[in-house]
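Residue-level listing of the chains:
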Amino acid sequence: MAEISFNVDHGYLEGLVRGMKAGILTRADYHNLAQCDTLEDMKLHLQCTDYGKTLSSSEDDLTVSLVDSKLRENLVAEFSCLRSNALPPLSTFLDYITYSYMIDNVVMLITGALKQRDVAELLPRCHPLGAFDQMAAVGIARTPTELYSAVLVDTPLAQFFQDAVSESNLDEMEAEILRNKLFKAYLESFHSFCKNIGGATKDIMCPILEFEADRRAFIITVNSFGTDLSNAERSALYPACGRLHPEGLCLLGAAQDAAQVKDVADRYPAYKIIFEEPEPGSGFKTLEDRFFEQEVKLNTLAFLQQFHFGVFYSYIKLKEQESRNIVWIAECVTQRQKSKIHNYITIFQGTEQ
Amino acid sequence: MDFAIHNSQSRTIVYAKMPPPLFTTRESEGSSTLLDEKLLRFMEQLELLEEKRASLNSLIEQGWFSMSKARYSMGNKHVSPLQYASEMEPLVLVHAKTLDSGELDFSTERFEQKCCKEVGADNRSIEEIGPQEKGVRRRIKPKEDITKKAVNEETSSENAPEVTPVTKSDQNLQQDPLKWFGILVPQSLKHAQLSFKQVLELSAEIATLQTAVLSTRQELKHSKKHKHEEASATQLDSVAD
């Protein structure tokens, strides 16, 4: 029945987002960008795309960091346009998307305060999609409990703090644990929200969020080898809304090295492919690269169905991947490492657009 | 035998550019051999220096590129100057010694990671460059890990440290710089740190090699001059006879 009534509240925005999706860079665009020798050339090429004059409007020196900031501004403008016209439940859905950026901002402000960085220096670097009023006060908190009770209790992040409150001082380890615990609670909450909406939204979003949960579990495990994070602490960080729950997460919690992690992945066909050894001769891809590729595949599927909210989430994620691609090409161009320049991920293969 | 002029007495007056005469004194034979040895040594050192320089360049490029890969995975603003403090304690020191031959030898020494309680017992103090309230205590110039921009070849000579131990209220400054970017960092960032660590050690070796090359070149010049003087003295003698 959603097909009949969806367009009343959300049809305009779905139309808008599908229009914006048509402007995503194609294989030919990436090919042109990869041929450039300087950032100025790239700027010229980007002018012919939907980015238009975004880069040309600034007076500062063109650096990779500036390119990244401008691309981000572009995305934020598009998102704000969508959010300001959204009605519930789409407005709640779009807010859920912003919470992940809020968590990142909070942790960046905490670690910046640990390094005695000035708040005025940190605030402009925070992700605009994750902005909230109490941001400037985040650096003052010394423990997660203080952070919750003094600063974040009135923000949307308050609901994710059930497991994350603790009395230990906020140092690098605690900040990392806080980040992952908040994200775990956020992901589980988002997953149950999508499940409750039901219909096509649930069919599209739940697999994407389950993949995200499993990805985080794998990446946390692999990156924790050689650090001070104990197995028990690590297990508390795994989101429980993925396909790995509960057996896979148990096994991951006990894993001591990369071979054991690969064992766990081999039990799940979708993840077996990601952890497989690449054929000799093909370029070396990091684990994160392969997860990004799989994420892009899942997100492109969202546009094959209509009358659901998944298109909004997928559009944001695909635009982020596009930014990452452009910044990667820009880094290769400035560092003259042209051999690795083709490691970007083309978003819509062939004529799916 | 270009430019040889035979005068009426059938003696040849030799100019420069002649190959050394077959009948030489034992002294000049010895100095020729010495000169050859020095030249060969110079060439070898130069070749080694070029090799090391090439590997230094490629390691630095690799390090920066690994950092870009880390930025790709973690987000652009998560691997940036925001992640480190403007004051930091070095983990690597460079020692400069003057050898008997007059050459300078540079070597790096890495501090062991200490836990907080032991740091107070450390009796070395580090010179802070820049405005601060306490005076300069000693003259070792430190180097730092990951975030340095250009490899700095300069050092100062180290003598027995006259020390007042540094009392810092926050003893936590000495830590693995990898932790600045988070605890769970991707492999590419670890590779970057490894590359830069190798760069540090290599740069000390290159500095040593460079001073050795320069001093060998000086020796070579002196030897050539000496030999030239010897050769012309011998000729003058034989002309005078």
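Residues numbered from 1 in each chain as written. Chains lettered and ligands numbered in written order. Predicted model: local features only at pLDDT ≥ 70, side-chain atom pairs only at ≥ 80, totals over all residues. Heavy atoms only, no water.

- In the nomenclature of an unreviewed UniProt entry, chain B corresponds to Vacuolar ATPase assembly protein VMA22 from the organism Gasterosteus aculeatus aculeatus.

- Where an unreviewed UniProt entry is consulted, chain A appears under the name V-type proton ATPase subunit, with the organism given as Gasterosteus aculeatus aculeatus.

### A word on the overall build of chain A
Argument step 1. Helix and strand counts for chain A stand at 15 helices and 0 strands.
Argument step 2. Radius of gyration (C-alpha) of chain A: 21 Å, near the 20 Å computed for a compact globule of 353 residues.
Argument step 3. When its C-alpha atoms are laid out on the principal axes, chain A stretches across 55 × 50 × 50 Å.
Argument step 4. Of all 353 residues assigned to chain A, the portion counted as buried reaches 54%.
Argument step 5. A separation threshold of at least 6 residues defines the contact pool for chain A, and within that pool the share at least 24 residues apart is 65%.
Argument step 6. Carbon and sulfur atoms make up 52% of the accessible area of chain A, which amounts to about 15,700 Å² in all.
Argument step 7. Side-chain charges in chain A split into 33 positive and 49 negative, and the spacing between the mean points of these groups amounts to 3 Å. (Helix = DSSP H or I, 4+ residues; strand = E, 2+ residues; numbered from the N terminus. Rg over C-alpha atoms; globule rule 2.2 N^0.38 Å. Buried < 20%, exposed > 50% of the residue type's maximum accessible area, 1.4 Å probe, protein only. Contact = heavy atoms within 4.5 Å. Areas by Shrake-Rupley, 256 points an atom, 1.4 Å probe, with all protein chains shown as cover. Lys, Arg positive; Asp, Glu negative; His and termini not counted. Charge placed at Lys NZ, Arg CZ, Asp CG, Glu CD.)

### Notes on the interface of chain A and chain B
Argument step 1. Contact residues are listed per partner, giving 38 residues for chain A and 28 residues for chain B.
Argument step 2. Taken together, chain A and chain B are joined by 3 salt bridges.
Argument step 3. Its salt-bridge partner being A:D68, residue B:K77 comes within 2.9 Å of it at the nearest N-O pair.
Argument step 4. Taken together, the connections running from chain A to chain B amount to 10 residue pairs in polar contact (both at pLDDT 80 or more).
Argument step 5. When residues of the side of chain A that touches chain B are traced back to their parent elements, those giving at least two are α4 (64-84), α6 (119-122), α8 (172-197), α9 (199-224), α14 (287-301) and α15 (310-335) of chain A.
Argument step 6. Partitioned by chemical class, the residues of the side of chain A that touches chain B number 12 nonpolar, 11 polar and 15 charged. (Salt bridge = Lys/Arg side-chain N within 4 Å of Asp/Glu carboxyl O. Polar contact = N/O pair within 3.5 Å; in protein donor to acceptor, adjacent residues only side chain to side chain. Nonpolar A, V, L, I, M, F, W, Y, C, P; charged D, E, K, R; others polar.)

### Concerning a nonpolar patch on the surface
All names here are of chain B.
Argument step 1. Together, L39, M43 and L46 make up a nonpolar patch on the protein surface, roughly 240 Å² of accessible area in all.
Argument step 2. Here L46 lies in helix α1 (residues 26-74).
Argument step 3. The partly exposed category is assigned to L46, whose relative accessible area is 31%. (Patch = residues over 30% accessible without salt bridge, like charges linked within 9 Å, V, L, I, M, F, W, Y side chains within 5 Å.)

### Some points on the confidence of the model for chain B
Interpretation of the predicted coordinates at a detailed level should be avoided for regions scoring low in pLDDT.
All names here are of chain B.
Argument step 1. Confidence in the prediction for chain B averages 72 pLDDT; 62% of positions are at 70 or higher.
Argument step 2. In the predicted structure, residues 115-124 sits below a pLDDT of 50 and forms 13 contacts with residues beyond four places in sequence or in another chain.
Argument step 3. Note on residues 132-171: pLDDT is under 50 here. Beyond four places in sequence and across chains, it has 83 contacts.
Argument step 4. With a pTM of 0.82, the predicted complex shows an ipTM of 0.90. (pLDDT = per-residue confidence, 0-100.)

### Some details on the pattern of salt bridges
Residues and elements named next belong to chain A.
Argument step 1. Applying the stated criterion to the full structure yields 24 salt bridges over all chains.
Argument step 2. Put simply, R179 and E176 hold a salt bridge, and the shortest N to O gap is 3.6 Å. You can see R179 and its partner E176 sitting in helix α8, 3 residues apart, about one turn around the helix.
Argument step 3. Judged by relative accessible area, R179 falls into the buried class, the value being 16%.

### A word on unusual backbone geometry
Residue and element names in this part refer to chain A.
Argument step 1. The step from P88 to P89 runs through a cis peptide bond, and the omega angle for that step is -5 degrees.
Argument step 2. Position of P89 relative to the elements: it lies in the loop between α4 and α5 (90-114).
Argument step 3. With an omega of -5 degrees, the peptide bond running from H245 to P246 counts as cis.
Argument step 4. Counting through the fold element by element, P246 comes out in the loop between α10 (231-235) and α11 (247-254).
Argument step 5. In this structure, R336 is a non-glycine residue whose phi angle is positive, near 55 degrees.

### A word on empty space enclosed by the protein
Argument step 1. Per the stated rule, a full pass over the model turns up 4 cavities of 30 Å³ or more.
Argument step 2. For the second largest cavity, the calculated volume is near 110 Å³.
Argument step 3. Every residue along the wall of the second largest cavity is listed here: A:V107, A:M108, A:T111, A:E172, A:A175, A:E176, A:R179, B:H78, B:Q83, B:W180, B:F181 and B:G182.
Argument step 4. If you list the elements that add at least two residues to the lining of the second largest cavity, you get α5 and α8 of chain A.
Argument step 5. It is α8(A) that contributes the most residues to the lining of the second largest cavity, 4 residues altogether.
Argument step 6. Of the residues contributing to the lining of the second largest cavity, the split by class is 5 nonpolar, 4 polar and 3 charged. (1 Å grid on protein atoms, 1.4 Å probe; cavity = no way out; pocket = protein on both sides within 12 Å on 5 of 7 lines; lining within 4 Å. Points joined across faces, edges and corners; volume = space filled by probe spheres on them.)

### Side note on the pairing of strand β4 (residues 104-110) of chain B
On a regular strand, each side chain points to the face opposite its neighbour's, so the side chains alternate between the two faces of the sheet.
Argument step 1. One ladder, built from 7 bridges, connects strand β3 (residues 92-98) of chain B with β4(B); its direction is antiparallel. Within the sheet, the bridge partner assigned to B:L93 lies in β4(B) and is B:E109. (Pairing = 2+ DSSP bridges.)

### Points about the packing of aromatic side chains
Residues and elements named next belong to chain A.
Argument step 1. Counted according to the given criterion, the structure contains 29 aromatic pairs over all chains.
Argument step 2. Measuring from centroid to centroid gives 6.0 Å for F190 and Y313, while their planes differ by 65 degrees, and the two rings are edge-to-face. Residue F190 is located in helix α8, and its partner Y313 is located in helix α15; the two are separated by 123 residues in the primary sequence. You'll find F190 and Y313 in the same group, each marked buried.
Argument step 3. Members of the aromatic cluster, each reached through a chain of ring pairs, are F6, F93, Y96, Y99, F160, F183, Y186, F190, F193, F307, F309 and Y313.
Argument step 4. A cation sits over an aromatic face here: K21 above F348, 5.0 Å from the ring centre. (Phe/Tyr/Trp six-rings, centres within 6.5 Å; stacked < 30°, edge-to-face > 60°. Lys NZ or Arg CZ within 6 Å of the ring centre and 35° of its normal.)

### Points about the packing of α5(A) against α15(A)
Residue and element names in this part refer to chain A.
Argument step 1. Look at α5 against α15: their axes get within 10 Å of each other, and the N-to-C directions meet at 30 degrees. Considering their axes alone, α5 and α15 lie roughly parallel with respect to each other. Handedness of the α5/α15 crossing: right-handed. Counting all contacts with α5, which are made through L90, F93, L94, I97 and Y101, the residues of α15 involved are F312, Y313, I316, K317 and E320.
Argument step 2. A breakdown of the residues in the contact of α5 with α15 according to their chemical character gives 8 nonpolar, no polar and 2 charged. (Axes fitted to C-alpha atoms, helices over the stretch in contact; angles between N-to-C directions. Parallel < 35°, antiparallel > 145°, perpendicular 65-115°, else oblique. Left-handed = near helix turned anticlockwise from the far one by under 90°.)

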